[in-house]
Structures are given as structure tokens and as C-alpha cells.
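The lines below spell out each chain.
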Amino acid sequence: MNNDKDQNKDDAFIHHVSKLSRRKVRHRFIPMPIQCPWVLLDRLNCIRLKRRMQYLNRIGMQQRQTRNMQPSHGRGQMLLPYPVNMTTEELAWYEWTRDRWYFLLVQHGRDAQSSSSSSLSELPALRTLPTKYELVRYRLPPISSSIAATTAAAENGCNYDFKSPPEYVNTLLLHHPSITSQTISMPPKILPGVTLLASYPRSGNTLLRTLLEKVTGIVTGSDTRPDRTLSKALSTVHSLVGEGITSHSKVCVIKTHFPERRGYMMYNAKRVILLVRNPFDAIDSYWNMCCTNTHTESVSEDVYERYRDKFRALALNEMGTWADFLRYWLLNCDTTLRQSNDACDNHSGSGGPCILLVRFEDLVQNTEKVMQEVIRFMTVECPLNDTPLHPFWRWRIRRALNLECHLDASNTKDNRVNNVSVDTTKLGSYEPRSMNDEDSCSKRKQSSFGKSLLKKRYSAQDLCNMQDTVEKKVLYQSSGQRVNLLQLFGYDVFLQGFPRNFDEPNMEDSWSFIYPTEMGKNKVSSTIRVNQGQELRPAGSPYGRAMTRWRKSQTCDDTKPFERKSK
């Protein structure tokens, strides 16, 4: 009897096991946080390739509907928008090399006005995709490629050392002796070393980084820790995959907020782009970033009223931080400014790395002109000379700004910039907060300048106290004249009428005197050590990283976040 029971148990167990074996096994995929820069870049390029295919399919469908053509069935008849058997890194370099040489040959044919222009039919067709579908890459090309990729590159007419011209260019040079590699005007390369993008927080560095990536096709870096919430949002959501990268072999531009806050790694920089925004809007945006822990959301008006004293104290303190931030870079770079009016003062900017001042308001109003100045600063040894920017870089800038149709082939030697309207709200990685504000009804670009003043975030007494704080942190020219930082950039509310003064159509900069006349001429380029030294705020300041603890203490550890402004 017991043996029968045991046999039945064994049969039931075997039946149960066989039933489990016949079930479909489901694998559990656990999403893991990605911080590897190579994985982030490959993922970004794969997403862009998918969107590129969707874009081309939409264009093809529209063309078929216009011509009353029947859609072709079968995947085998669809032309892929990129060569096969390549990694995304190899593909990014292949497309950059192909487009670069294509433009140079077309430009040479137009400049020479010879029979060489007839050879353009032998070139592969240059794609006209928007720059948002172009792939990005790291600074140095791949050392070696796979056999499959090398074969695919040879079939598509590309040399994979990325130094010699592609194969179709060599063939063209053989068949057309009038075109030589010496007669083709090569664009200047990006200068070696790191170009630093220094800015006070919320001053538009994300917009400038995005534009630089579209123009150069190279990822921009940042010295912020990649595991922070805001850094992860930039790398995974807003397509800036260079967060945490400070190696000059991978990136040529690195964003930093030092000495406002110290980055997680020290490194050297040879050039500095100092991006400046009016402190009233920058501080207001900084408050929203601290309260929401995001780049795009803003708190409601009730939060401003509830924490009015906190906001006023932060604004007064951060106005001093904003001024000290500019003083640090103007005194430690190659400028003509001094810390004091003492003739024996040796604490001046003379002898530091070259610096380029970029005003955020100019970047929004005169985007093409500012981008030409930035690219010239990154590619020309002496950026203050009268040498025009190479047509290739001008073409890349216009493509990045969606102004390609405005490029006149007959005026490619003309270095003048046309005043063509550019909607910068669509060019960055995310829309600015002013686009989501309900009371931002004006459609002019100037409506975003000084919006915190238009909303009366600061009282008259607050503005007086803030401007008095900056007045105590003046600099001096070599002639002994005082330099007020607000007046230097046109941000003085009482004397210059900010922001109404930016309504003028051509408001020129007023800081050309800070550049030494011998800038870049026969000088040994010096470097600056970034993230070495003390931060501007004292150790116990409640307005720096301590704002995170304050926000969590007011929101029950972010379980009950502040009320956000409706979009």
C-alpha cells in the first residue's frame, strides 16, 4: 500500500516537472543604469539611425503620393540610408569624411570656375538630412576596424585611416589633373588640447554644447559626476552623452561650473569660452533647478510666495557668486584686467590661456555670428586676425542652424553674416523654461531676456542690494579705469535700462578692450588647471549643493514635490 502511494507521488512529480518543461520560458530583463560613454554613444547613434529611416520613409511616401506612384512592397527593395557592416563609430567617421571631401570638391569647382565642375557627377550623392539625424563621434578616429567594416568601406569608396582622401577622391584626382590636393583649400582643424566651456549654472551651456555637437559632429564633455540625477537626465534624455568625460582624446570641449562648484576630476585646458548670461534670469532659473531637480520644469507662483525670504536671500548671495565667477576667469585668463588699481598689482589675466567672451543674449539673437566666432576661436591659432572663416565651417554652421537653403554658392567667399532669424528654442537639447510659461505671450526673442524682471521676481530694494554687491567686486583696466561687470555686459538695470537695451537691433559688445592686442601671436599657449582650488561659496553655505538637502527637507525626501507650473 505504501509502495503504491510512493509510486503515485513519483508519477505526480514527474508529471509536474514535464508540465513545467513544456512551458515557455520567460527571461526577465532588468534595466541597469548605463554610465559607460561608449554604450551611451552607440545607443544615441542607433536611435538617430532609426529616426533617419523613419524620416526617409516619410519623405519617400510623400514623393510617391505626389507622383501618384504605388508603394513598393518587400523589404528587399528598400534602400538603407547607411552602409552596412559598420559599427556606429565607424559609420559616424565614414559619413563625416565623405561629406567633408564632397563639400571641398564642390567648393573647389565653384572657386576655380573651370571644367572641373563637370566632374561633380562622378561624386556620390551628398545627403540632405537634417543635422538632428547625423551621427556624433568621439574626437579620435578608431585605431583599427573589423574586416567586414573595411570591406564595406572599400565598397563605398572610403579610406579608413581618416587622414588620406577617400578612394573616389583619389580616382577623381587621377582623371582630372586640374584638381590637385594642393589646390583644394583644406579647412583648419580643431586645435589640440581642451577648450573649456565655463559658465555660471543656467547660463545656456546646454544650448551651446548642442550647437557645437551639430557643427563639429564631436561629443562635448563635462566634469560633472555622471551618476548625478541632472547629469543622467542630460546623457539619457537630452542626448548629451559626454557627461563625466574629461579626456582630450575623446572630446575637444568640456563644460565646467568651476569655481562655482568643483567637478569630480582635475584636468588641463588650453582655451576658455566664458559664457555669460544676465544674473537675474540665471539666478531665477537656478532656483527652479534646485527646487525641481530638473532642467525644464518650474515651480508655481505659490512656491515663490511661500518661500519668499529664502528666494531673496539666495538671490542676494548668488549675485555675489555670479560676480566672483566672472572675476575668477577674467583674472586667470589672458586679459588686460587687474584685480586692483595698484600699479604693482601682478594679479592680472596676462599670461593665462586665451579666452573668448560669449553673451547668451547674443547667442540667441545673432546665433550664426556667435557660432562663427566660437569655431574660429577653436580652429585658428590667432582668432583676432582678419582671416575669414573657412567656407566648410560656415557651411556646417548654417546646416546646424537649418539655414542651408540660404547659402548662396556665388558668395561663398563672402564672410559677412546675413541677419536670418533662427529659432534657438528648437535647436537645443530641450526647450527653455520660458517656452512653458503661461504668461510668456510675446513671440519675440527679446521676451526671454530679463523675464524674471518682467515677472517682478525682485523688488526695487532687492535690485539695489544685488547691484551694490556687484559694485564691490569691480575690476580695473591697465589705465586704472573701473570695470563694473554688470555694465560690461549691458546688464545694469538703472544705468543701462536692462532688458530694454537689448531691443536694439544691433547691440554691439563692449568688452573688446579686455583682449590683448598680441593675443595668439607668437605666444606659447599656457594651460589652466581646472577644479584645483577652493569653491566660491564657503563650506557651510546653504545655497550651493546644500539646496538639495533643503529641498528634500521641505518635500519629505521628494515624495511630495513642490507644485510645478502647468505647461
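Model, not experiment: these values are computed from the prediction.

K.L.:
Is there a simple way to think about the overall build of the protein in this case?
P.N.:
For the protein, the count of helices and strands is 17 helices and 9 strands. For the protein, restricting intrachain contacts to residue pairs at least 6 apart in sequence, the fraction spanning at least 24 positions comes to 76%. Accessible surface, the protein as shown: approximately 29100 Å² in total, 51% of it carbon and sulfur.

K.L.:
Quick question: what am I supposed to make of the sheet that holds strand β2 (residues 221-222) here?
P.N.:
Either a parallel or an antiparallel arrangement is found when strands of a sheet pair, and the pairing is made through backbone hydrogen bonds. One open sheet accounts for 5 strands, arranged β2-β3-β1-β5-β6; its pairing is parallel. Sheet topology places β2 and β6 (354-359) at the edges, where each strand pairs with a single neighbour. Sheet contacts for helix α6 (residues 205-216): β1 (195-199), β2, β3 (253-256) and β5 (271-276); angle to β1, the most-contacted strand, approximately 155°. Together, β1, β3, β5 and β6 form the strand contacts of helix α12 (residues 367-379), whose direction differs from that of β6 by roughly 170°.

K.L.:
Even after reading the chapter, I still don't get the packing of helix α8 (residues 279-292) against helix α10 (residues 308-332), so can you show me in this structure?
P.N.:
Any two packed helices are characterised by how steeply their axes cross, that is the angle between the axes, and by the distance between the axes. Two elements in contact, α8 and α10, have axes whose closest approach is 10 Å; the angle formed by their N-to-C orientations is 125°. Taken together, α8 and α10 sit at an angle that is classed as oblique. When you trace α8 past α10, the crossing you get is right-handed. For the pair α8 and α10, contact is made by P279, F280, I283, D284, Y286 and W287 and by K310, F311, L314, A315, E318, M319 and W322, respectively. A per-class count over the contact of α8 with α10 returns 10 nonpolar, no polar and 3 charged.

K.L.:
How do you make sense of the pattern of salt bridges when you look at a structure like this?
P.N.:
Where charged atoms from two side chains of opposite charge come close, those side chains can pair. According to the stated counting rule, one finds 18 salt bridges in the structure shown. A salt bridge links E95 to R52, with the nearest nitrogen and oxygen atoms 2.8 Å apart. Of the two residues, E95 sits in helix α3 (residues 88-112) while R52 sits in helix α2 (residues 37-66), which places them 43 residues apart along the sequence. By the burial criterion, E95 is buried, and R52 matches it. A salt bridge links D558 to R551; the shortest N-O distance between them is 3.1 Å. One network of salt bridges, with partners in common, ties together E260, R261, E318 and R537.

K.L.:
Which parts of the structure should I look at to understand the nonpolar core?
P.N.:
Soluble globular proteins: nonpolar side chains tend toward being buried together. Counting residues in each nonpolar core, the largest one holds 110 residues, and the members touching the most others are L274, W287 and W322. Element by element, the count of residues in this core is highest for α10, at 11 residues. Ranked by size, the runner-up nonpolar core spans 6 residues in total, among them L49, L91, A92 and Y94.

K.L.:
Sorry, what's going on with the packing of aromatic side chains here?
P.N.:
Pairs of aromatic rings are described using the distance from one ring centre to the other and the angle between the two planes. Enumeration according to the criterion identifies 28 aromatic pairs in this entry. Ring geometry for F392 against W393: centres 5.3 Å apart, planes inclined by 65°, an arrangement best described as edge-to-face. With a centroid separation of 5.3 Å and 45° between ring planes, the pair formed by F489 and W511 is classed as tilted. Pair noted here: F489 is in the loop between α16 (485-488) and β9 (528-530) and W511 is in the loop between α16 and β9, with a separation of 22 residues, a long-range link. Summarising the burial analysis for this pair, F489 and W511 share the class buried. Positioned above the aromatic ring of W395 is the side chain of R396, whose terminal nitrogen or guanidinium carbon lies 6.0 Å from the ring centre.

Definitions and cut-offs
Residues numbered from 1 in each chain as written. Predicted model: local features only at pLDDT ≥ 70, side-chain atom pairs only at ≥ 80, totals over all residues. Heavy atoms only, no water. Helix = DSSP H or I, 4+ residues; strand = E, 2+ residues; numbered from the N terminus. Contact = heavy atoms within 4.5 Å. Areas by Shrake-Rupley, 256 points an atom, 1.4 Å probe, with all protein chains shown as cover. Pairing = 2+ DSSP bridges. Axes fitted to C-alpha atoms, helices over the stretch in contact; angles between N-to-C directions. Parallel < 35°, antiparallel > 145°, perpendicular 65-115°, else oblique. Left-handed = near helix turned anticlockwise from the far one by under 90°. Nonpolar A, V, L, I, M, F, W, Y, C, P; charged D, E, K, R; others polar. Salt bridge = Lys/Arg side-chain N within 4 Å of Asp/Glu carboxyl O. Buried < 20%, exposed > 50% of the residue type's maximum accessible area, 1.4 Å probe, protein only. Core = buried A, V, L, I, M, F, W, Y, C linked by side-chain atoms within 4.5 Å. Phe/Tyr/Trp six-rings, centres within 6.5 Å; stacked < 30°, edge-to-face > 60°. Lys NZ or Arg CZ within 6 Å of the ring centre and 35° of its normal.

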